[in-house]
Amino acid sequence: MTAAGSGPAAVDTATVDTVGTAAAEIRSVGPRIGVRPPFALLRSGTERLFDAARQVRDLGFDHAVIGDHVSFRGGYGSDGLIQATALLMAAPGVEVHTGVFLLPLRHPVPVARQVATLAALAPGRFVFGVGIGGEDRAEIEACGVDPATRGRRMDEALVVLRALLAGEAVTVDGEHFRLRDVRVSPPPAVAVPIVIGGRSAAAVRRAGRHGDGWLGVWVSPDRYAAVTAEIDGVAVSAGRTGTAWRHALLVWCGFGRSVEDAGCSVSRAMESFYGVPFDRFSKYVPRGTPQDVAEALVPYLEAGCRDVHLLPVASDEDEAMESAAQVRRLLVRRG
C-alpha cells in the first residue's frame, strides 16, 4: 500500500501544462511509456503474475519491460523470454519489451525459434531488446562464452537471428556459429523489432547495421540525439533505408516527497543491484516527485526518443507504479 502522505498527487491541468507545453510537438507524435513491473510480482506464482500484468494495463502504460540474466552476481536472474511470454499471455493487448536479453550467452537458432513461437502467440506485441551484458564477467563465463569475444559473437548472432526470423535459409561459417541451410518456419507473420542496447561505439554501429532501434541508458539528451543520428548514418552506409526506428531509453527513477527522499530509495536499490556506488549513475537518474521526473524526461523526447522504459523505485511498490503512471500522463496528456 502507498505510505500515508507520500503517494502521488492528482494530476491537474496546470501541472500537465508545465511539462506539456515544452513537448507539444513531441506529444503530437506520441511517446510510448512503459514500466518494469515489481520484481516480487514476477516471482511469486501465477496469481501475482496476473496482478502485475493487470497493474501495467490498468495504470495505462503502453508496455511492460523486463530484464534478463542467467547467473548475475552470484546466481541472480530470470529468463527474459520466459517472463515476456508469461506477461504477454497474462495481459492481452499489452506490449512487452526485453530490456535487454543477453543474446551472446545463447545460440541464435533456438533463440530464433523461441522468438518466432512467441510472435505467433502474441503477434505485434513483442519488441526484442538485446545486448551483450558485461556487468558481471562470471555470468558470461558461466555460459561458456569468453567475455573478450562477446561483441563479435553478438554480431554473428544478429545476422543469423534476423535472417531466420525473415524466413531465410541460413548458411554461415563464422568464428562462433557454423550452420548449413538452417530454417525456422514459419517465420513471424508480424515482424519482431530488434532493438540493440549498449553505450560503446561498437554497439552504435551494431544498431545501425542490424537493429530496428537503439536502447540508450546512462546517457544525456544531447548524447542520445547524437547517437541516434549516427545510427541513421551507419544504416544508410550499410544500404539500409526506410527503417521505422524504435529508439528507446531505459531509465531508473526515484519517487518521493522530495528529491532527497526519492534519492535515498533509488540509490539503495541501484547499489544493491549493481554493486557499485550510486555516484556512478546519479546524473542520469531523475528523482523527486512525478513532476520532477517528467520534466527531466522531456529533453529525451525532444531528442527523438519514442519508447521510454521506466524502472521506478519508491518507498513501496504501489507508490512506485502509481508515480510512474503519473509520469506517463504528464508526458502524453494534452493540456
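Everything that follows concerns the structure shown earlier in this document.
Residues numbered from 1 in each chain as written. Predicted model: local features only at pLDDT ≥ 70, side-chain atom pairs only at ≥ 80, totals over all residues. Heavy atoms only, no water.

Scanning the chain for helices and strands turns up 13 helices and 12 strands. Relative to the 2.2 N^0.38 estimate, which gives 20 Å for 335 residues, the radius of gyration of the chain is 20 Å and therefore close to what a compact globule would have. Overall, the chain is about 65 × 40 × 40 Å in size when its C-alpha atoms are taken along their principal axes. Taking all 335 residues of the chain together, the buried fraction comes to 53%. Considering only intrachain contacts with a sequence separation of at least 6, the fraction spanning at least 24 residues in the chain is 73%. Accessible surface, the chain: about 14200 Å² in total, of which carbon and sulfur atoms supply 51%. (Helix = DSSP H or I, 4+ residues; strand = E, 2+ residues; numbered from the N terminus. Rg over C-alpha atoms; globule rule 2.2 N^0.38 Å. Buried < 20%, exposed > 50% of the residue type's maximum accessible area, 1.4 Å probe, protein only. Contact = heavy atoms within 4.5 Å. Areas by Shrake-Rupley, 256 points an atom, 1.4 Å probe, with all protein chains shown as cover.)

Further remarks concern the pairing of strand β3 (residues 95-98). Alternating positions in β3 separate into two faces, E95 and H97 on one and V96 and T98 on the other, with burial throughout. Note that strand β2 (residues 63-66) and β3 share 4 bridges and pair parallel. The partner of V65 across the bridge, within β3, is H97. Bridge count for β3 against strand β5 (residues 126-131) is 2 bridges, and the pairing is parallel. Bridge pairing links H97 to V127 in β5. (Pairing = 2+ DSSP bridges.)

In this section: empty space enclosed by the protein. Scanning the entire structure with this criterion turns up 1 cavity of 30 Å³ or more. In this structure, the largest cavity spans a volume of roughly 50 Å³. For the largest cavity, the full set of lining residues is H97, T98, V127, G129, V195, L215, R246, A248, D307 and H309. Those elements giving two or more residues to the lining of the largest cavity turn out to be β3, β5 and β12 (307-313). When its residues are assigned to classes, the lining of the largest cavity shows 4 nonpolar, 4 polar and 2 charged. (1 Å grid on protein atoms, 1.4 Å probe; cavity = no way out; pocket = protein on both sides within 12 Å on 5 of 7 lines; lining within 4 Å. Points joined across faces, edges and corners; volume = space filled by probe spheres on them. Nonpolar A, V, L, I, M, F, W, Y, C, P; charged D, E, K, R; others polar.)

With that settled, consider unusual backbone geometry. Going from G99 to V100, the amide bond is cis rather than trans, its omega being 5°. Inspection of the secondary structure assignment puts V100 in the loop between β3 and β4 (101-102). With an omega dihedral of -5°, the bond running from S185 to P186 counts as a cis peptide bond. We note that R73 has phi near 50°; this positive angle belongs to a residue other than glycine. The residue R73 is located in the loop between β2 and α5 (80-90) in this model.

Below, the discussion takes up the layout of surface pockets. Reported here for the largest pocket is a volume of approximately 1100 Å³. Taken together, 41 residues line the largest pocket, and the ones lying closest to its centre are E135, V217, W218, L250 and Y274. Only α3 (39-42), β2, β10 (248-255) and α11 (259-274) provide two or more residues apiece to the lining of the largest pocket. Here the lining of the largest pocket is built from residues that sort into 21 nonpolar, 12 polar and 8 charged. Size it by volume and the second largest pocket reaches roughly 280 Å³.

Taken across its 8 residues, β10 has 8 buried, putting it largely inside the fold. Burial of β10 is two-sided: the residues A248, L250, W252 and G254 facing one way and the residues L249, V251, C253 and F255 facing the other way are all buried. Looking at chain direction, strand β9 (residues 213-216) and β10 are connected through 2 bridges and run parallel. Counted as the bridge partner of G216 is L249 from β10. Sheet topology places β10 next to β12; 7 bridges connect them, and they run parallel. Bridge pairing in β12 places L249 opposite V308. In this structure, β10 lies alongside strand β11 (residues 287-288), joined through 2 bridges in parallel fashion. By the bridge assignment, F255 is partnered in β11 with G288.

Within the largest apolar cluster, 78 residues are counted, with the highest numbers of intra-cluster contacts made by L103, F126, F128, V130, L297, L310 and L331. In this view, F126 contacts L81, A84, L88, E95, V96, T98, V115, L118, V192 and P193; residues no more than four positions away in its chain are not counted. Counting 22 residues, the second-largest nonpolar core is a separate cluster that includes V145, W218, M270 and V285. (Core = buried A, V, L, I, M, F, W, Y, C linked by side-chain atoms within 4.5 Å.)

With that settled, consider the environment of A269. Here A269 is to be found in helix α11. Measuring from C-alpha to C-alpha, the distance between A269 and A314 comes to 9.5 Å, with 45 residues separating the pair along the chain. The contacts of A269, once residues within four sequence positions are left out, are W252 and V313.

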